[in-house]
Amino acid sequence: MRGAVRVVALDRAVDLDQGDYLRIPRERHSLEALSDCAVLLTVATRGERVP
């Protein structure tokens, strides 16, 4: 990740900077750019099916 972003889920906000990472919650969430940024999203499952 480059730049800075804010991830908001439920009533919690987490600010991330370059090199940080976060497990994205299953709840509805948003991602806001706090500066020019590039974000890599990797999706992995344990064979679970999410409805």
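Predicted model, so just to flag it, every value in this text is computed and none were measured.

*Asks:* Lay out the overall build of the protein with the relevant residues and their values.
*Replies:* Counting its regular elements, the protein contains 0 helices and 3 strands. The order of α-helices and β-strands along the protein, N terminus first, is β-β-β. The 51 residues of the protein split such that 12% are buried. When contacts within the protein are restricted to residue pairs at least 6 apart in sequence, long-range pairs at least 24 apart make up 42% of them. A total of about 4800 Å² of accessible surface is found on the protein, and carbon and sulfur atoms cover 49% of it.

*Asks:* Explain the environment of Thr42 residue by residue, including any values.
*Replies:* Take Thr42: it is sitting in the segment after strand E3 (29-33). Along the backbone, Thr42 and Arg23 are 19 residues apart, and their C-alpha atoms lie at a distance of 9.8 Å.

*Asks:* Talk me through a nonpolar patch on the surface; I want residue IDs and the actual numbers.
*Replies:* Residues Leu22, Ile24, Leu41 and Val43 make up a contiguous nonpolar surface patch of about 390 Å² in total accessible area. Take Ile24: its relative accessible area is 38%, and that puts it in the partly exposed class.

*Asks:* Please give an account of the pattern of salt bridges that cites residues and values.
*Replies:* Considering all chains together, one arrives at 2 salt bridges under this definition. For Arg6, the salt bridge is made with Asp15, and the minimal N-O distance between the two is 2.6 Å. The exposure class of Asp15 is partly exposed, given its relative accessible area of 44%. Note that Glu32 and Arg6 form a salt bridge whose closest N and O atoms lie 4.0 Å from each other.

*Asks:* Now, about unusual backbone geometry: what can you tell me, with residues and values included?
*Replies:* In most cases, non-glycine residues show a negative phi, while peptide bonds are predominantly trans. Phi at Leu10 takes a positive value of approximately 55°, unusual for a residue other than glycine. Structurally, the position occupied by Leu10 is in the loop between strand E1 (5-9) and strand E2 (12-16). The exposure class of Leu10 is exposed, given its relative accessible area of 65%.

Here is what the cut-offs are and how they apply
Residues numbered from 1 in each chain as written. Predicted model: local features only at pLDDT ≥ 70, side-chain atom pairs only at ≥ 80, totals over all residues. Heavy atoms only, no water. Helix = DSSP H or I, 4+ residues; strand = E, 2+ residues; numbered from the N terminus. Buried < 20%, exposed > 50% of the residue type's maximum accessible area, 1.4 Å probe, protein only. Contact = heavy atoms within 4.5 Å. Areas by Shrake-Rupley, 256 points an atom, 1.4 Å probe, with all protein chains shown as cover. Patch = residues over 30% accessible without salt bridge, like charges linked within 9 Å, V, L, I, M, F, W, Y side chains within 5 Å. Salt bridge = Lys/Arg side-chain N within 4 Å of Asp/Glu carboxyl O.

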